[in-house]
Amino acid sequence: MLDIKFIRNNAELVKAAVKNKTEKADIDLLLKLDEQKKGLQFDYDTFRAEQNRVSKEIPKMKKAKQDVSDIIAQMGQLSETLKEITVRANEVEAEFDAILLTIPNVPHNDVPVGGEEDNEFVRDWGVKKEFTFAPKDHIVLSELNNLLDLKRAVKLSGSGFAGYTGNGAMLERALINFMLDFHINKHDYSEVALPYLVNRETMIGTGQLPKLEHDMYHVNEDDLFLIPTAEVPVTNLYSKEIMANVDLPKKHVAYSSCFRREGGSYGKDTKGLQRLHQFNKVEMVRFVKPEESYSVLDEMVNDAEDILKALGLHYRVLVLATGDLSFAAAKTLDIEVWAPGANKYLEVSSISNFEDFQARRASIRYRDENDKVQFVHTLNGSGLATPRTFISLIETYQNEDGTISVPKVLQPYLGGREVL
RNA sequence: GGAGACGUGUCCGAGUGGCUUAAGGAGCACGCUUGGAAAGCGUGUAUGCGGGUAACUGUAUCUAGGGUUCAAAUCCCUACGUCUCCGCCA
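Quick caveat, the model's predicted, so the values are computed rather than measured.

Side note on the overall build of chain A
Next up, step 1: When helices and strands are tallied, chain A shows 12 helices and 14 strands.
Next up, step 2: When the backbone C-alpha atoms are referred to their principal axes, chain A occupies close to 100 × 45 × 45 Å.
Next up, step 3: Per-residue burial for chain A yields a buried fraction of 48% across its 420 residues.
Next up, step 4: Expressed as a percentage of contacts within chain A between residues at least 6 apart in sequence, the contacts between residues at least 24 apart total 73%.
Next up, step 5: As displayed, chain A offers around 20500 Å² of accessible surface, 49% of which is attributable to carbon and sulfur atoms.

Rendered as structure tokens:
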């Protein structure tokens, strides 16, 4: 969330951010409630100070055998007044908090304003692979090589679920292990493996709730949510903590399954592995000092790019425009990998700087060089999501006879095989 | 899942309604002492919100949320967590 002091001083900027992110939030009402809240807090503190002061006198007077019944009667009045103030303050605060949680992060000032069509090309690497034959798409290739079982997965769980079989399952597992090892050994991330089911507070911490409640799978009986990304448990790992200056930066990598209801997105890019309710992803998460977060953002984009370079897959990098930016992000870069069979780019990574937005929600702080307590900046990015990487990989490395070559870096993970 | 015990600051730990401004200890930081270190001595050692240029100050926080009371770490209720025993289980 945003600092209320920041909102007070930059109301117009925040309103513009809400509009540019196509969100809705009543800033004027929030500020009105803020004033009320401050007033009530002041009254409460004043009356409470009086109550505390007199409460200390009562035992002394009793000891001195003085009559305290009048004072106790007066204190009864004061006690009632305090109760009334508390009730009103709780109401105002609940409404205030509810609004504050729906205010999105403010985009960084170098983020292009606009919708998806305003996303800006940053760079690309490699070229679209040329074939001497007509390249097949991943569904045809999977059928030829028995890599996926899409029909039976649907039988198990419904549309939007996929199953990997045989070499397909092994290839997916190879990708995950390769990516984890790469980030751990070459980029110095430390691995964590955390729960896939998290509570409501955790989902609020990273900003999925309250906005995206209906996009999440929810276990009613325990009020737990299936994580849509490992970002959620990893970022919240240090919630309500104050880290020592020397503990920063922290770099974590985590592999997890991700669960998304994807309500409303039916019919769009749903073929095969393109959009799933459940998929696997390797996620990078960093906790850094505020002054470092933008250079770290670039570093993380490079970290993700390194995986695609090692796999020899052509990709491009984009900066998202304000309207395409997620609720909590200040700036996001997407990496899209080329899929020759599908003849299009597929998003495989989204790398974001949340600045102190998530840190405020989850209360993740650190003590700086001057011992001052400050919020950390959090960042995360996929490194990478497996299904679309899988698509690009088999489509790029397909041979004319329908077999699939294994890129050098994955061969150790597939028993040294050069062809699947 | 059943029964019981418990939850206090960075840690240990005292505290069964007002004498608590949460005792005492450990750790940590700084100072004194020392040739240097240890020991010793002294001082300091949380976070949020508000007031003040500041020193400082009001208030809240003893797992969390409610309640009782003039007054709650302390009494009551609920949730969560931890431990022990039983049951179940990869």
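Focus: helix H10 (residues 293-311)
Structurally, the α-helix is built with 3.6 residues per turn, so residues lying three or four positions apart point the same way.
Next up, step 1: The terminal C-alpha atoms of H10, which comprises 19 residues, lie 28 Å apart, in line with the 27 Å expected from a rise of 1.5 Å per residue.
Next up, step 2: Within H10, burial applies to Ser293, Val296, Leu297, Met300, Val301, Asp303, Ala304, Glu305, Ile307, Leu308 and Leu311.

Quick word on the pattern of salt bridges
Next up, step 1: According to the stated counting rule, one finds 20 salt bridges in the structure shown.
Next up, step 2: Note that glutamate 305 is salt-bridged to arginine 123, the shortest N-O span being 2.5 Å. With glutamate 305 in helix H10 and arginine 123 in strand E1 (residues 120-125), this pair connects stretches of sequence that are 182 residues apart.
Next up, step 3: Given the relative accessible area of 2%, glutamate 305 is considered buried.
Next up, step 4: The exposure class of arginine 123 is partly exposed, given its relative accessible area of 32%.
Next up, step 5: Residues joined by salt bridges that share partners form a network here, namely Asp3, Asp356 and Arg360.

Overview of helix H4 (residues 69-100)
Next up, step 1: Taking 1.5 Å of rise per residue, the 32 residues of H4 would be expected to cover 46 Å, and the 45 Å separating its terminal C-alpha atoms lies within 8% of that figure.
Next up, step 2: Those residues of H4 that sit buried are Met75, Leu78, Leu82, Ile85, Ala89, Val92, Phe96, Ile99 and Leu100.
Next up, step 3: Here the buried face of H4 lies against helix H1 (4-9) and helix H3 (27-63).

Side note on the nonpolar core
Next up, step 1: Leu171, Leu308, Leu311, Ile335, Phe390 and Leu410 are the most contacted members of the largest nonpolar core, which totals 52 residues.
Next up, step 2: With sequence-adjacent residues up to four places away left out, isoleucine 335 is seen in contact with Val301, Ala304, Glu305, Leu308, Tyr315, Arg316, Val317, Leu346, Glu347, Val348, Ser349 and Ile351.

Considerations on the pairing of strand E9 (residues 315-319)
Next up, step 1: Judged by how many residues are buried, E9 sits mostly within the fold: four of five residues are covered.
Next up, step 2: Strand direction decides the pairing type here: E1 and E9, joined by five bridges, are antiparallel. Directly across from phenylalanine 121, in E9, lies its bridge partner leucine 318.
Next up, step 3: Examined bridge by bridge, E9 and strand E10 (residues 331-339) share five bridges and lie antiparallel to one another. The partner of valine 319 across the bridge, within E10, is leucine 333.

A short note on a negative patch on the surface
Next up, step 1: A cluster of acidic residues, Glu116, Glu117, Asp118, Glu120, Asp324 and Glu347, forms a negative patch at the surface.
Next up, step 2: Position of glutamate 120 among the secondary structure elements: in strand E1.
Next up, step 3: Assessed through its relative accessible area of 44%, glutamate 120 is described here as partly exposed.

Quick notes on unusual backbone geometry
Next up, step 1: Cis peptide bonds are those with omega within 30 degrees of zero, and the linkage from leucine 248 to proline 249 qualifies with -5°.
Next up, step 2: Note the cis peptide between glycine 383 and leucine 384, where omega equals 5°.
Next up, step 3: Along the chain, leucine 384 falls in strand E14 (residues 377-385).
Next up, step 4: Notably, threonine 22 is not glycine yet its phi reads approximately 50°, a positive angle.
Next up, step 5: Note on threonine 22: relative accessible area 64%, which makes it exposed.

Reading the values: rules and limits
- Sequence order sets the numbering: in each chain, residues are counted from 1 along the sequence as written.
- Note on labels: chains are lettered from A, ligands numbered from 1, in written order.
- A pLDDT threshold of at least 70 governs which residues receive local features in this predicted model, and a stricter bar of 80 or more applies before side-chain atom pairs are shown or counted, although totals over entire chains, interfaces and linings include all residues.
- With hydrogens and water stripped out, all remaining heavy atoms of the structure feed into the side-chain values.
- Helix numbering and strand numbering both begin at the N terminus, where a helix is a DSSP run of H or I of at least 4 residues and a strand a DSSP run of E of at least 2.
- Working definition: with a 1.4 Å probe on protein chains only, accessible area under 20% of the residue-type maximum means buried, over 50% means exposed, and in between means partly exposed.
- When checking whether two residues touch, look at their non-hydrogen atoms; a contact exists if any pair is within 4.5 Å.
- Throughout, the Shrake-Rupley method with a 1.4 Å probe supplies accessible areas, and for residues the shown protein chains are the sole cover considered.
- The span one expects for a helix is its residue count, reduced by one, times 1.5 Å.
- Criterion for a salt bridge: a side-chain nitrogen of Lys or Arg within 4 Å of a carboxyl oxygen of Asp or Glu.
- The term nonpolar core refers to a set of buried residues drawn from Ala, Val, Leu, Ile, Met, Phe, Trp, Tyr and Cys, joined through side-chain atoms within 4.5 Å.
- DSSP calls a pair of strands paired once it identifies at least 2 bridges connecting them.
- Surface patches are drawn from residues lacking salt bridges whose relative accessible area is over 30%; two like charges belong together within 9 Å, two nonpolar side chains (Val, Leu, Ile, Met, Phe, Trp, Tyr) within 5 Å.
- Charged-residue counts in this description rest on Lys and Arg as positive and Asp and Glu as negative, His and the chain ends being excluded.
- Throughout, a charge is located at the NZ atom of Lys, the CZ atom of Arg, the CG atom of Asp or the CD atom of Glu.

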